[in-house]
Amino acid sequence: MTSKIWGGRFSAGPGAIMEEINASVGFDKRLAKQDLHGSRAHCAMLVSAGLINKEDGEAIQSGLTRIEKDVAEGNFIFKRSLEDVHMNIEARLTDLIGAPAGRLHTARSRNDQVATDFRMWVRAAIDNIDEELCKLQSVLIDKAEAHADTIMPGFTHLQAAQPVTFGHHLLAYVEMIGRDRGRFIDARRRLNECPLGAGALAGTSFPIDRHLTAEKLDFDRPMANSMDAVSDRDFALEFLAASSILATHLSRFAEELVIWSSAQFGFVRFTDAFSTGSSMMPQKRNPDAAELVRAKAGRVFGGLITLLTVMKALPLTYSKDMQEDKEAVFATFDTLELCLAATTGMVVDMTPVPERMRAAASAGFTTATDLADWLTQALNVPFRESHHITGRIVKLAEDKGCDLSELTLAEMQSAEPRITEAVFGVLTVDASAASRTSFGGTAPNNVRAQIKAARERFLNKKAAP
């Protein structure tokens, strides 16, 4: 009779529960490619150091080649009973070549083995993300170039503040993504040290060549401390932290796409490729792709909190807690890969509606700052006084129900007698945007210069600075 303590599916008692909680092959099989690559390098080093003979080394390499082929073709059978990816590959290697397989683990522990595999996996993930981020920057820059002169409202507190150009707005995200790329590349630079050869925690008495192994695996150098090599996952935390900041940027942009595509704003339109209908309301076109990108940031944040919590207070060196390091990283990569593809697709798919943008930019007294600036520049009025004068003029326009440019000169002079007809030259949205010529400003000519610079900084190099 099954004990109620164990209950349910665990009819075999504690042994089944232990197998269930201990096994990691269900997720760490994603490291198979890296594990095989690491084993190849380790084998070559062992032969070079005279720790195994050439014949055994050749047999091991031949067996690993066979396993690589099976893994690549999806024919490798991972067995839960063998616990993890490392033991599965080792067991299969033994089946293929017999006794020589047992020599591969000389001067190696699963602790330094998994740390090496995981670093290589994260390194490859960063390279993939950087490539996708570069694509996103490219389509944003292209769209910005097409709309360097398209006037839209810039917002603070989600209220129309000052006229900007749509191109300028899109370039803001190009800059954010550039910093995201920089964070990932910086994390990659730091993680690119090789743990292999650190053993379980104390190193090994075998005369190994860790520099050779690091070189074969494209690491910059071996890790300097064997205990640090097997026990820390700060590289994974950095990856998750950079991912969380990126997810924040993607979520903010997705929110803008949701707002812009609403009937109330109508700044952009999407095709059916990135929107869906309603089961009840036939008129609806819902920006579901953008909404999901916005929401999936929560998954990424969760991954960072998960691993921070796992690593908190762990004493050196390895603890089984650290088996929980991978799923959050794998899930984060999968989420980002999907969100980046969707975001890039939406940028390409969206059609801006310039007339709606211009109409919105012309409402809400968005040229009030231009009026205050003119008072300071033309009349030599201190800016704080200009601010108060402009506030009185805005109140006149509000009471009259018109825009600033629709007030008469006499009405303006009732607030400040020195105002001249020249003031009307700064009160259009086009004049406002064109006047913002300071470095980084929204003037269309600035935007075109920024586009040229962004292409050089971000698209003509492998990675962001």
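Quick look at the structure, then. (Residues numbered from 1 in each chain as written. Predicted model: local features only at pLDDT ≥ 70, side-chain atom pairs only at ≥ 80, totals over all residues. Heavy atoms only, no water.)

## A word on the nonpolar core
Ranked by internal contacts, the top residues of the largest apolar core, which has 87 residues, are Val122, Ile129, Leu140, Phe184, Phe239 and Trp260. Top element by residues in this core is helix 10 (residues 234-260). It accounts for 15 residues. With sequence-adjacent residues up to four places away left out, Phe184 is seen in contact with Ile126, Ile129, Leu133, Phe239, Ala242, Ser243, Leu246 and Leu336. Counting residues in each nonpolar core, the second largest holds 20 residues, with Leu379, Ile389, Val394 and Leu427 among its members. (Core = buried A, V, L, I, M, F, W, Y, C linked by side-chain atoms within 4.5 Å. Buried < 20%, exposed > 50% of the residue type's maximum accessible area, 1.4 Å probe, protein only. Helix = DSSP H or I, 4+ residues; strand = E, 2+ residues; numbered from the N terminus. Contact = heavy atoms within 4.5 Å.)

## Brief notes about the side chain of Ser24
For Ser24, the position within the fold is in the loop between helix 1 (14-22) and helix 2 (25-28). A relative accessible area of 4% places Ser24 in the buried class.

## Things to note about unusual backbone geometry
Leu316 connects to Thr317 through a cis peptide bond whose omega is 5°. Note on placement: Thr317 falls in the loop between helix 11 (288-311) and helix 12 (326-349). Despite not being glycine, Leu158 shows a phi value in the positive range, around 60°. Turning to its location among the elements, Leu158 is positioned in the loop between strand 1 (151-156) and strand 2 (159-165).

## Quick word on the side chain of Thr150
With respect to the secondary-structure elements, Thr150 resides in the loop between helix 6 (110-146) and strand 1. Assessed through its relative accessible area of 11%, Thr150 is described here as buried. Only 2.9 Å separates the side chain of Thr150 from the side chain of His147, close enough to count as a polar contact. When near neighbours in sequence (up to four residues on either side) are disregarded, Thr150 contacts Val164, Thr165, Phe166, Pro354 and Met357. (Polar contact = N/O pair within 3.5 Å; in protein donor to acceptor, adjacent residues only side chain to side chain.)

## A few points about the environment of Ser386
Of note, Ser386 is situated in helix 15 (residues 383-400). The spatial distance from the C-alpha of Ser386 to the C-alpha of Ala59 is 84 Å, given a sequence separation of 327 residues. Excluding anything up to four places from it in sequence, Ser386 contacts Ala372, Leu375, Thr376 and Val381. Of the polar contacts made by the side chain of Ser386, one reaches the side chain of Thr376; its length is 2.8 Å. Looking at Ser386, its side chain comes within polar contact range of the main-chain oxygen of Val381, at 3.4 Å.

## Details of the pattern of salt bridges
Applying the stated criterion across every chain yields a total of 30 salt bridges. Here Arg181 ties to Asp130 by a salt bridge, and the two come within 2.8 Å at their closest N and O atoms. Of the two residues, Arg181 is situated in helix 7 (residues 166-191) and Asp130 in helix 6; the sequence distance between them amounts to 51 residues. The exposure classification of Arg181 matches that of Asp130, with both residues buried. Glu175 is the partner of Arg457 in a salt bridge, and the nearest nitrogen-oxygen pair spans 2.8 Å. Linking Arg457 in helix 18 (residues 444-459) with Glu175 in helix 7, this pair joins segments that are 282 residues apart in sequence. Owing to a relative accessible area of 33%, Arg457 belongs among the partly exposed residues under this scheme. Residues joined by salt bridges that share partners form a network here, namely Glu83, Asp84, Arg110 and Lys320. (Salt bridge = Lys/Arg side-chain N within 4 Å of Asp/Glu carboxyl O.)

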